[in-house]
Amino acid sequence: MALTSELGKQIKLKEVEGTLLQLATVDNWNQIQSFEAKPDDLLICTYPKAGTTWIQEIVDMIEQNGDVEKCQRAIIQQRHPFIEWARPPQPSARNAKDCMVSYYHFQRMNHKLPDPGTWEEYFETFINGKVVWGSWFDHVKGWWEMKDRYQILFLFYEDIKRDPKHEIQKVMKFMGKNLDETVLDKIVQETSFEKMKENPMTNRSTVSKSIMDQSISPFMRKGTVGDWKNHFTVAQNERFDEVYRKKMEGTSINFCMEL
Ligand code: A3P
(Lines give C-alpha, C1' and ligand atoms only; values in the text may rest on other atoms or scores of the structure.)
Protein backbone atom coordinates (compact mmCIF):
# COMPACT_ATOMS: atom_id res chain seq x y z
CA MET A 1 0.00 0.00 0.00
CA ALA A 2 1.35 3.47 -0.84
CA LEU A 3 -0.09 6.63 0.64
CA THR A 4 0.82 9.98 -0.85
CA SER A 5 0.74 13.04 1.33
CA GLU A 6 -0.12 16.55 0.25
CA LEU A 7 3.59 17.31 0.64
CA GLY A 8 4.21 14.92 -2.21
CA LYS A 9 5.90 12.32 -0.04
CA GLN A 10 5.16 8.73 -0.89
CA ILE A 11 4.96 6.65 2.23
CA LYS A 12 5.03 2.95 1.58
CA LEU A 13 3.31 0.85 4.20
CA LYS A 14 2.57 -2.83 4.29
CA GLU A 15 -0.13 -4.68 6.17
CA VAL A 16 1.30 -7.53 8.23
CA GLU A 17 -1.19 -9.73 10.09
CA GLY A 18 -3.75 -6.92 9.87
CA THR A 19 -1.45 -4.16 11.09
CA LEU A 20 -0.05 -1.38 8.91
CA LEU A 21 3.69 -1.09 9.28
CA GLN A 22 6.51 0.98 7.82
CA LEU A 23 8.70 -0.96 5.41
CA ALA A 24 11.74 -0.84 7.70
CA THR A 25 9.70 -2.67 10.35
CA VAL A 26 8.42 -5.18 7.83
CA ASP A 27 12.05 -5.95 6.86
CA ASN A 28 12.75 -6.69 10.53
CA TRP A 29 9.57 -8.65 11.11
CA ASN A 30 11.14 -12.12 11.40
CA GLN A 31 13.74 -10.81 13.80
CA ILE A 32 11.09 -9.08 15.91
CA GLN A 33 8.96 -12.21 16.05
CA SER A 34 11.82 -14.42 17.09
CA PHE A 35 12.90 -11.95 19.79
CA GLU A 36 13.30 -13.64 23.17
CA ALA A 37 13.65 -11.51 26.28
CA LYS A 38 16.25 -12.41 28.88
CA PRO A 39 14.97 -12.54 32.48
CA ASP A 40 16.37 -9.12 33.34
CA ASP A 41 15.33 -7.36 30.13
CA LEU A 42 12.83 -4.53 30.36
CA LEU A 43 10.44 -3.84 27.47
CA ILE A 44 8.44 -0.65 27.22
CA CYS A 45 5.31 -1.41 25.20
CA THR A 46 3.39 1.72 24.33
CA TYR A 47 0.89 2.65 21.68
CA PRO A 48 2.26 5.58 19.61
CA LYS A 49 1.83 8.92 21.37
CA ALA A 50 0.92 7.37 24.72
CA GLY A 51 3.98 8.91 26.38
CA THR A 52 6.73 6.53 25.23
CA THR A 53 9.44 9.16 25.55
CA TRP A 54 8.22 10.14 29.00
CA ILE A 55 8.37 6.61 30.44
CA GLN A 56 11.70 5.99 28.68
CA GLU A 57 13.20 9.01 30.42
CA ILE A 58 11.70 7.99 33.80
CA VAL A 59 13.16 4.48 33.46
CA ASP A 60 16.60 5.77 32.53
CA MET A 61 16.58 8.33 35.37
CA ILE A 62 15.78 5.49 37.82
CA GLU A 63 18.41 3.23 36.25
CA GLN A 64 21.03 6.00 36.59
CA ASN A 65 19.96 6.75 40.21
CA GLY A 66 18.77 10.23 39.25
CA ASP A 67 22.09 11.26 37.70
CA VAL A 68 21.04 13.98 35.24
CA GLU A 69 24.43 14.11 33.51
CA LYS A 70 24.41 10.39 32.79
CA CYS A 71 20.96 10.77 31.24
CA GLN A 72 22.46 13.38 28.93
CA ARG A 73 24.87 10.80 27.46
CA ALA A 74 22.76 10.24 24.34
CA ILE A 75 19.43 11.02 22.74
CA ILE A 76 16.53 8.99 24.06
CA GLN A 77 16.20 6.92 20.87
CA GLN A 78 19.73 5.61 21.49
CA ARG A 79 19.30 5.06 25.20
CA HIS A 80 16.15 3.03 24.47
CA PRO A 81 16.42 1.51 21.01
CA PHE A 82 13.11 0.22 19.74
CA ILE A 83 12.66 -3.58 20.25
CA GLU A 84 16.37 -4.45 20.32
CA TRP A 85 16.59 -4.29 24.08
CA ALA A 86 14.34 -5.58 26.62
CA ARG A 87 13.38 -6.98 31.16
CA PRO A 88 9.77 -7.85 31.63
CA PRO A 89 7.25 -5.76 29.77
CA GLN A 90 5.96 -2.46 31.02
CA PRO A 91 3.01 -1.27 28.95
CA SER A 92 2.00 2.33 29.29
CA ALA A 93 -1.44 3.39 28.08
CA ARG A 94 -3.06 6.73 27.45
CA ASN A 95 -6.74 7.37 26.83
CA ALA A 96 -7.61 6.78 23.18
CA LYS A 97 -9.03 10.23 22.49
CA ASP A 98 -5.89 12.10 23.51
CA CYS A 99 -3.77 9.49 21.70
CA MET A 100 -5.74 10.16 18.54
CA VAL A 101 -5.21 13.92 18.80
CA SER A 102 -1.52 13.54 19.55
CA TYR A 103 -1.03 11.02 16.73
CA TYR A 104 -2.87 13.31 14.28
CA HIS A 105 -0.47 16.18 15.00
CA PHE A 106 2.49 13.78 14.93
CA GLN A 107 1.53 12.57 11.47
CA ARG A 108 1.28 16.18 10.31
CA MET A 109 4.87 16.89 11.32
CA ASN A 110 6.50 13.49 10.70
CA HIS A 111 7.47 13.08 7.07
CA LYS A 112 8.09 9.35 7.51
CA LEU A 113 4.41 8.80 8.26
CA PRO A 114 1.44 9.27 5.92
CA ASP A 115 -0.22 12.64 5.88
CA PRO A 116 -3.23 12.38 8.22
CA GLY A 117 -5.60 14.30 5.92
CA THR A 118 -8.30 16.39 7.56
CA TRP A 119 -9.24 15.85 11.19
CA GLU A 120 -12.54 14.30 10.05
CA GLU A 121 -10.69 11.86 7.80
CA TYR A 122 -8.18 11.01 10.48
CA PHE A 123 -10.94 10.34 13.01
CA GLU A 124 -12.21 7.53 10.77
CA THR A 125 -8.71 6.23 10.03
CA PHE A 126 -7.92 6.03 13.73
CA ILE A 127 -11.11 4.37 14.94
CA ASN A 128 -10.75 1.80 12.16
CA GLY A 129 -7.20 1.06 13.31
CA LYS A 130 -5.78 1.97 9.92
CA VAL A 131 -2.85 3.87 11.37
CA VAL A 132 0.78 2.75 11.43
CA TRP A 133 1.33 0.25 14.28
CA GLY A 134 -2.33 -0.70 14.27
CA SER A 135 -5.39 -0.21 16.40
CA TRP A 136 -5.26 1.48 19.80
CA PHE A 137 -8.08 -0.85 20.91
CA ASP A 138 -6.20 -4.04 19.99
CA HIS A 139 -2.99 -2.79 21.59
CA VAL A 140 -4.50 -1.76 24.92
CA LYS A 141 -6.91 -4.68 25.16
CA GLY A 142 -4.16 -7.14 24.26
CA TRP A 143 -1.76 -5.93 26.93
CA TRP A 144 -4.51 -5.54 29.51
CA GLU A 145 -5.48 -9.19 29.07
CA MET A 146 -1.84 -10.28 29.46
CA LYS A 147 -1.06 -8.18 32.49
CA ASP A 148 -1.74 -10.82 35.17
CA ARG A 149 -0.13 -13.67 33.27
CA TYR A 150 3.35 -12.24 33.04
CA GLN A 151 5.55 -9.92 35.02
CA ILE A 152 3.95 -6.76 33.68
CA LEU A 153 3.58 -3.31 35.16
CA PHE A 154 0.67 -1.52 33.47
CA LEU A 155 0.88 2.26 33.72
CA PHE A 156 -1.46 5.04 32.67
CA TYR A 157 -0.33 8.37 31.28
CA GLU A 158 -3.15 10.07 33.21
CA ASP A 159 -1.94 8.58 36.51
CA ILE A 160 1.64 9.71 35.93
CA LYS A 161 0.32 13.16 35.13
CA ARG A 162 -1.84 13.27 38.30
CA ASP A 163 0.69 11.85 40.76
CA PRO A 164 4.12 11.47 39.13
CA LYS A 165 5.96 10.59 42.33
CA HIS A 166 3.62 7.75 43.19
CA GLU A 167 3.82 6.27 39.68
CA ILE A 168 7.60 6.71 39.45
CA GLN A 169 7.87 4.87 42.77
CA LYS A 170 5.91 1.97 41.23
CA VAL A 171 8.35 1.82 38.30
CA MET A 172 11.28 1.98 40.70
CA LYS A 173 9.97 -0.97 42.73
CA PHE A 174 9.24 -2.92 39.55
CA MET A 175 12.85 -2.37 38.52
CA GLY A 176 14.04 -3.64 41.91
CA LYS A 177 15.53 -0.28 42.88
CA ASN A 178 15.30 1.66 46.11
CA LEU A 179 16.04 5.34 45.71
CA ASP A 180 15.96 8.13 48.33
CA GLU A 181 13.10 10.58 48.50
CA THR A 182 15.38 13.38 47.31
CA VAL A 183 16.40 11.37 44.25
CA LEU A 184 12.76 10.58 43.54
CA ASP A 185 11.84 14.27 43.79
CA LYS A 186 14.65 15.07 41.38
CA ILE A 187 13.38 12.47 38.90
CA VAL A 188 9.86 13.95 39.13
CA GLN A 189 11.30 17.38 38.39
CA GLU A 190 13.58 16.28 35.54
CA THR A 191 10.86 14.30 33.80
CA SER A 192 8.27 17.08 33.89
CA PHE A 193 6.86 18.11 30.52
CA GLU A 194 8.52 21.53 30.77
CA LYS A 195 11.97 20.05 31.42
CA MET A 196 11.68 17.38 28.75
CA LYS A 197 10.48 19.94 26.21
CA GLU A 198 13.68 21.92 26.76
CA ASN A 199 15.96 18.87 26.88
CA PRO A 200 17.62 18.18 23.48
CA MET A 201 18.12 14.53 24.53
CA THR A 202 14.35 14.04 24.75
CA ASN A 203 12.65 16.68 22.57
CA ARG A 204 13.75 15.28 19.16
CA SER A 205 15.37 18.61 18.24
CA THR A 206 18.35 16.62 16.92
CA VAL A 207 16.16 14.94 14.30
CA SER A 208 16.42 16.58 10.88
CA LYS A 209 13.60 18.89 9.82
CA SER A 210 13.19 16.77 6.70
CA ILE A 211 12.02 13.94 8.98
CA MET A 212 10.27 15.83 11.79
CA ASP A 213 9.22 19.38 11.12
CA GLN A 214 8.63 20.83 14.55
CA SER A 215 7.52 24.14 13.04
CA ILE A 216 4.36 22.28 11.94
CA SER A 217 3.79 20.76 15.39
CA PRO A 218 6.36 20.31 18.18
CA PHE A 219 7.23 16.77 19.26
CA MET A 220 6.65 17.86 22.86
CA ARG A 221 3.34 19.38 21.91
CA LYS A 222 1.07 19.98 24.96
CA GLY A 223 1.57 17.11 27.38
CA THR A 224 -1.90 17.46 28.87
CA VAL A 225 -4.94 15.30 29.60
CA GLY A 226 -8.16 16.16 27.78
CA ASP A 227 -6.90 18.00 24.70
CA TRP A 228 -9.39 15.87 22.75
CA LYS A 229 -12.09 18.29 23.92
CA ASN A 230 -10.51 20.92 21.68
CA HIS A 231 -10.79 18.59 18.65
CA PHE A 232 -13.81 16.30 18.95
CA THR A 233 -17.25 17.49 17.92
CA VAL A 234 -20.18 16.34 20.06
CA ALA A 235 -21.20 13.91 17.30
CA GLN A 236 -17.66 12.52 17.01
CA ASN A 237 -17.54 12.03 20.76
CA GLU A 238 -20.79 10.10 20.79
CA ARG A 239 -19.67 7.95 17.88
CA PHE A 240 -16.32 7.34 19.51
CA ASP A 241 -17.88 6.25 22.82
CA GLU A 242 -20.07 3.79 20.97
CA VAL A 243 -17.11 2.30 19.08
CA TYR A 244 -15.12 2.21 22.32
CA ARG A 245 -17.84 0.30 24.16
CA LYS A 246 -18.05 -2.29 21.40
CA LYS A 247 -14.32 -2.75 20.93
CA MET A 248 -13.45 -2.85 24.61
CA GLU A 249 -16.40 -4.99 25.62
CA GLY A 250 -15.46 -7.71 28.05
CA THR A 251 -12.46 -5.90 29.51
CA SER A 252 -12.52 -4.48 32.99
CA ILE A 253 -10.38 -1.59 31.81
CA ASN A 254 -11.88 1.77 32.61
CA PHE A 255 -10.36 4.57 30.65
CA CYS A 256 -12.37 7.29 32.32
CA MET A 257 -13.96 8.52 29.12
CA GLU A 258 -15.10 11.64 30.94
CA LEU A 259 -11.47 12.78 31.32
P1 A3P B 1 0.87 15.55 23.11
O2 A3P B 1 1.00 15.47 21.62
O3 A3P B 1 -0.55 15.35 23.57
O4 A3P B 1 1.47 16.77 23.71
P5 A3P B 1 5.30 9.43 22.48
O6 A3P B 1 6.56 9.69 23.25
O7 A3P B 1 4.71 8.06 22.74
O8 A3P B 1 5.43 9.77 21.05
O9 A3P B 1 4.18 10.41 23.11
C10 A3P B 1 4.24 11.80 22.89
C11 A3P B 1 3.18 12.47 23.75
O12 A3P B 1 3.60 12.43 25.14
C13 A3P B 1 3.02 13.96 23.40
O14 A3P B 1 1.66 14.29 23.73
C15 A3P B 1 4.01 14.59 24.37
O16 A3P B 1 3.80 15.96 24.59
C17 A3P B 1 3.72 13.76 25.64
N18 A3P B 1 4.81 13.84 26.61
C19 A3P B 1 6.12 13.60 26.42
N20 A3P B 1 6.82 13.83 27.55
C21 A3P B 1 5.91 14.22 28.48
C22 A3P B 1 6.00 14.61 29.87
N23 A3P B 1 7.17 14.67 30.49
N24 A3P B 1 4.86 14.95 30.52
C25 A3P B 1 3.66 14.90 29.88
N26 A3P B 1 3.50 14.55 28.58
C27 A3P B 1 4.61 14.20 27.90
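Residues numbered from 1 in each chain as written. Predicted model: local features only at pLDDT ≥ 70, side-chain atom pairs only at ≥ 80, totals over all residues. Heavy atoms only, no water.

As recorded in an unreviewed UniProt entry, the protein chain goes by the name Sulfotransferase, listed as coming from Callithrix jacchus. The UniProt entry for the protein chain carries the following comment under Sequence similarities (unreviewed entry): "Belongs to the sulfotransferase 1 family." Recorded in UniProt under Subcellular location (unreviewed entry), the annotation for the protein chain is "Cytoplasm". (UniProt positions renumbered as here; feature names shortened; annotations may be inferred.)

Asker: How should I be thinking about the side chain of Lys 147 in this particular structure?
Answerer: Following the sequence through the fold, Lys 147 ends up in the loop between α7 (136–146) and β6 (155–156). Of note is the side chain of Lys 147, whose polar atom sits 3.2 Å from the side chain of Asp 148. If near-sequence neighbours (up to four positions away) are discounted, Lys 147 is found in contact with Ile 152 and Phe 154. (Helix = DSSP H or I, 4+ residues; strand = E, 2+ residues; numbered from the N terminus. Polar contact = N/O pair within 3.5 Å; in protein donor to acceptor, adjacent residues only side chain to side chain. Contact = heavy atoms within 4.5 Å.)

Asker: Just checking my understanding: could you explain the site of the ligand for this structure?
Answerer: Inspection of the region around the ligand gives 19 residues, with Thr 52, Thr 53, Ser 102, Tyr 157 and Lys 222 positioned closest. Between the ligand and Ser 102 there is a distance of 2.7 Å, counted from an oxygen atom to a side-chain nitrogen or oxygen. Taking Lys 222, its main chain carries an N or O atom lying 2.6 Å from an oxygen atom of the ligand. Out of a free accessible area of 570 Å², the ligand has 97% covered by protein chains. Secondary-structure elements contributing two or more residues to the shell around the ligand are α3 (52–63), α8 (157–162) and α11 (193–198). (Near = heavy atom within 4 Å. Areas by Shrake-Rupley, 256 points an atom, 1.4 Å probe, with all protein chains shown as cover.)

Asker: In this structure, what is going on with the nonpolar core? I would like to understand it.
Answerer: Ile 62, Met 100, Tyr 103, Phe 126, Trp 136 and Phe 240 are the most contacted members of the largest nonpolar core, which totals 61 residues. Apart from the residues lying within four places of it in its own chain, the contact partners of Phe 126 are Tyr 47, Ala 96, Cys 99, Met 100, Tyr 103, Val 131 and Trp 136. (Core = buried A, V, L, I, M, F, W, Y, C linked by side-chain atoms within 4.5 Å. Buried < 20%, exposed > 50% of the residue type's maximum accessible area, 1.4 Å probe, protein only.)

Asker: Whenever I open this one, the packing of aromatic side chains confuses me. Can you help?
Answerer: A ring pair, where both rings are aromatic, is described by two values, the distance of the centres and the angle of the planes. Here the structure, examined in full by the defined rule, presents 21 aromatic pairs. Ring centres 6.0 Å apart and planes at 35° place the aromatic pair Phe 137 and Phe 240 in the tilted group. Linking Phe 137 in helix α7 with Phe 240 in helix α12 (residues 234–247), this pair joins segments that are 103 residues apart in sequence. One exposure class covers both Phe 137 and Phe 240, and it is buried. (Phe/Tyr/Trp six-rings, centres within 6.5 Å; stacked < 30°, edge-to-face > 60°.)

Asker: Any chance you could explain the UniProt feature "domain: Sulfotransferase" (unreviewed entry) in the protein chain here in plain terms?
Answerer: Those residues carrying the UniProt feature "domain: Sulfotransferase" (unreviewed entry) are residues 39–86 and 93–251 in this numbering. Helix and strand shares over residues 93–251 are 51% and 2% respectively, and the end C-alpha atoms of the span are 14 Å apart.

Asker: Just to check I follow, could you spell out the pattern of salt bridges for this structure?
Answerer: Pairs can form between side chains of opposite charge whenever their charged atoms are close. All chains considered together, the criterion is met by 15 salt bridges. Ionic pairing is found between Arg 239 and Glu 124, a salt bridge with its closest N-O pair at 2.6 Å. Taken as a pair, Arg 239 in helix α12 and Glu 124 in helix α6 (residues 119–127) lie far apart in primary sequence, 115 residues in all. Since its relative accessible area comes to 36%, Arg 239 is described here as partly exposed. Put simply, Lys 246 and Glu 242 hold a salt bridge, and the shortest N to O gap is 3.7 Å. With Lys 246 and Glu 242 both in helix α12, this residue pair falls 4 residues apart, about one helical turn. Connected via shared salt-bridge partners are Glu 57, Asp 60, Arg 73 and Arg 79. (Salt bridge = Lys/Arg side-chain N within 4 Å of Asp/Glu carboxyl O.)

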